[in-house]
Amino acid sequence: MTDQELLQAIREITREEIQASEKRVLTAAREEIQASEKRVLTTAKEEIQASEKRVLTTAKEEIQASEKRVLTAAKEEIQASEKRVMLAAKEEIQASEKRVMTAAKEEIQASEKRVLTAAKEEIQASESRIKKETIILMDAEFGPKFNLLAENQAIMLERLDRLERKVDGLEDKVLEHDFRLKIIK
C-alpha cells in the first residue's frame, strides 16, 4: 500500500470513525438533549405550575382587594346617592306639603266663605219665614184672644162707666146728705 492508499485508508477509517463518532455523539447528544428537554419540560412545567399558582393567588388577592375597594367605593357612592335622593325627596315633599297646605287653606277659606254666605242667606230666609209664620201664628192665636179681650174690656169699661155714674150719683147723694146734716146740726 502506498502512501496514498494508506492515506486514503486512513481517511476512510477516519471518516468511518468520524461518522461512528458523530453517530455516537449525535446519539448521545440526542439522548442528552432529550433528557435535558425532559428535565427542562419537567422543570418548566413545575415552574409554570408554581408560577400559575403564584399568579392565581396574587390575582385572587388582587381581585379580592379590588372587590373590597369597589364594594367600599360603591357603598360610599350608594350612601351618598341615598343621602342626596333623601334630601331631594324631603325638599320635594316639604315643597309639595306647602303647596298642598296653601291650596287646602285657600280652598277651606273659599269653602268657609261660601258656607257662611249660604248660611247667612239661609238664616235670613229662615228668619223671614219665621217672622212671617210668627205673625201668621200670632194673628191666628192672639187675634181672637185680643178681640175677645178687647170685647171684654169694652164690656168692663161700659160696666165701669155705669159704676162711675152710680158712684157719682152716690157721691152727690152723700154730699147732699152731708150738707143736710150740717144744716140740721
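All values derive from a computational prediction rather than experimental measurement. (Residues numbered from 1 in each chain as written. Predicted model: local features only at pLDDT ≥ 70, side-chain atom pairs only at ≥ 80, totals over all residues. Heavy atoms only, no water.)

**Thoughts on the overall build of the protein chain**
Here comes step 1: Within the protein chain, the regular secondary structure consists of 1 helix and 0 strands.
Here comes step 2: Here the C-alpha radius of gyration of the protein chain, 72 Å, is well above what a compact globule of 185 residues would show, namely 16 Å.
Here comes step 3: With the principal axes as the frame, the protein chain shows a C-alpha extent of 240 × 35 × 20 Å.
Here comes step 4: Looking at the protein chain residue by residue over its 185 residues, the buried ones come to 0%.
Here comes step 5: As displayed, the protein chain offers around 17,400 Å² of accessible surface, 60% of which is attributable to carbon and sulfur atoms. (Helix = DSSP H or I, 4+ residues; strand = E, 2+ residues; numbered from the N terminus. Rg over C-alpha atoms; globule rule 2.2 N^0.38 Å. Buried < 20%, exposed > 50% of the residue type's maximum accessible area, 1.4 Å probe, protein only. Areas by Shrake-Rupley, 256 points an atom, 1.4 Å probe, with all protein chains shown as cover.)

**Quick word on the packing of aromatic side chains**
Here comes step 1: Counted under the stated rule, the structure contains 1 aromatic pair.
Here comes step 2: Ring geometry for F142 versus F146: centroids 6.1 Å apart, planes at 50°, classification tilted. With F142 and F146 both in helix α1 (residues 3–184) and 4 residues apart, this pair spans about one turn of that helix.
Here comes step 3: Given the relative accessible area of 36%, F142 is considered partly exposed. (Phe/Tyr/Trp six-rings, centres within 6.5 Å; stacked < 30°, edge-to-face > 60°.)

**Description of the pattern of salt bridges**
Here comes step 1: Per the stated rule, a full pass over the model turns up 9 salt bridges.
Here comes step 2: A salt bridge links E77 to R84; the shortest N-O distance between them is 3.6 Å.
Here comes step 3: Judged by its relative accessible area of 47%, E77 is partly exposed.
Here comes step 4: Here E107 ties to R114 by a salt bridge, and the two come within 3.6 Å at their closest N and O atoms.
Here comes step 5: For R114, a relative accessible area of 48% gives the class partly exposed. (Salt bridge = Lys/Arg side-chain N within 4 Å of Asp/Glu carboxyl O.)

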